[in-house]
Amino acid sequence: MSTVMLPPTLGSPSEDASDLHKAFKGFGCDTAIVVNILAHRDLTQRGLIQHEYRLRYSKELSKRVSSELTGDVKKAVLLWLQDPATRDATLLKKALREDRLNLRVATEIICSRTSSQIQQLKPLYFNMYRVYLEHEIEHQTHGHHKKMLLKYLATPRYEGPEVDQLMAGDDARALYKAGEKRLGTDEKTFIRIFCERSRAHLAAISEAYLRLYEKPLEKAVKHETSGHFEYALVTVLNCAENPGKYYAKVLRKAMKGLGTDEKALTRVIVTRAEVDMQFIKSEYMKNNGKTLYEAVRSETSGHYKNFLLAIIGPD
């Protein structure tokens, strides 16, 4: 039986602002109401509610949420209130500076985003933190990993579906020559191709590689590289081929074994809920034999569980 709350009747932004204000007032916050309203509002509606709240009560809704909610549900709701680019900037800042350095998370965010998302993120990051994202990367990373991230941030990429199959074949051969065919690895070639080519083109390179050398390109990457550099290349490749499958894997890892990685759960579910959640759910089911909804329900509890389940949506 489902534990997620039913969506409330959709109120106007001003009704929602008023209901949220009532939920905050008095002794202790009625977190269930806060979760039930915000989890069932889309990005535009959440923006309008925040605008109304500011006009009526001369205070930012996010500040009120921050002072009234606690724990994982507070972190998740605060992230949910932000627009996608602000969210990415917030998560990157935490990964690069505030938490103990988490280069894997920073790499995931950068290498899983489209070129236009990155072009939006960079000036916003500077506006929010008065430091260039590239300077943060320069300072916190090293070696081929650093070169890869800096080039990936700097290079505009085509985002359409058209692919030059001949060029994809040439790129597959270039990667083979730069990796498996030689002693040692020519990392420059891997960085150039993975950072300059579109997602559709990289997926075509992967198909060509398998056809030409009877080995998956991902396997070759893992054999030829290591550490954060390997993770960056694999993330770019996975997100080119099937982002839903990539995120389903990240979620599975977050809930595997003893204890749950709530940070990873929150990050992926909140940032992908309005992007490609249906694909992630489908891949999760295909690869784990249980629904994402069931997995999250059994691994989380309380208001945090209800919030995540509401934004995942029923199967």
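Residues numbered from 1 in each chain as written. Predicted model: local features only at pLDDT ≥ 70, side-chain atom pairs only at ≥ 80, totals over all residues. Heavy atoms only, no water.

- As annotated in an unreviewed UniProt entry, the protein carries the name Annexin and comes from Heracleum sosnowskyi.
- According to UniProt, the comment filed for the protein under the heading Sequence similarities (unreviewed entry) is "Belongs to the annexin family." (UniProt positions renumbered as here; feature names shortened; annotations may be inferred.)

Topic: helix H8 (residues 115-129)
No. 1: For H8, built from 15 residues, the straight-helix expectation of 21 Å at 1.5 Å per residue is met to within 8% by its first-to-last C-alpha distance of 21 Å.
No. 2: Within H8, burial applies to Ser115, Ile118, Leu121, Lys122 and Tyr125.
No. 3: Arginine 130 occupies a position one or two residues after H8 and carries a positive phi of about 55 degrees. (Helix = DSSP H or I, 4+ residues; strand = E, 2+ residues; numbered from the N terminus. Expected span 1.5 Å × (residues − 1). Buried < 20%, exposed > 50% of the residue type's maximum accessible area, 1.4 Å probe, protein only.)

As for the environment of histidine 142
No. 1: Locating histidine 142 in the fold gives a position in the loop between helix H9 (133-140) and helix H10 (143-154).
No. 2: In this structure, the C-alpha to C-alpha distance between histidine 142 and lysine 281, residues 139 residues apart in sequence, is 35 Å.

Description of the nonpolar core
As a rule of thumb, nonpolar side chains are buried together in soluble globular proteins.
No. 1: Counting residues in hydrophobic clusters, the biggest one holds 95 residues, and the most contacted among them are Phe194 and Phe307.
No. 2: Once residues within four sequence positions are removed from consideration, phenylalanine 307 is found in contact with Val35, Ala39, Val73, Ala76, Val77, Trp80 and Val270. (Core = buried A, V, L, I, M, F, W, Y, C linked by side-chain atoms within 4.5 Å. Contact = heavy atoms within 4.5 Å.)

Digging into the pattern of salt bridges
No. 1: The final tally for this structure, using the stated rule, is 19 salt bridges.
No. 2: Note that lysine 22 and aspartate 19 form a salt bridge whose closest N and O atoms lie 3.9 Å from each other. Of this pair, lysine 22 and aspartate 19 both sit in helix H1 (residues 13-24), 3 residues apart, which is roughly one turn of that helix.
No. 3: For lysine 22, a relative accessible area of 57% gives the class exposed.
No. 4: Ionic pairing is found between aspartate 88 and arginine 113, a salt bridge with its closest N-O pair at 2.8 Å. On the criterion of sequence distance, the pair formed by aspartate 88 in helix H6 (residues 84-98) and arginine 113 in the loop between helix H7 (103-111) and H8 is long-range, its members being 25 residues apart. Arginine 113 matches aspartate 88 in its accessibility class, with the two residues each being buried. (Salt bridge = Lys/Arg side-chain N within 4 Å of Asp/Glu carboxyl O.)

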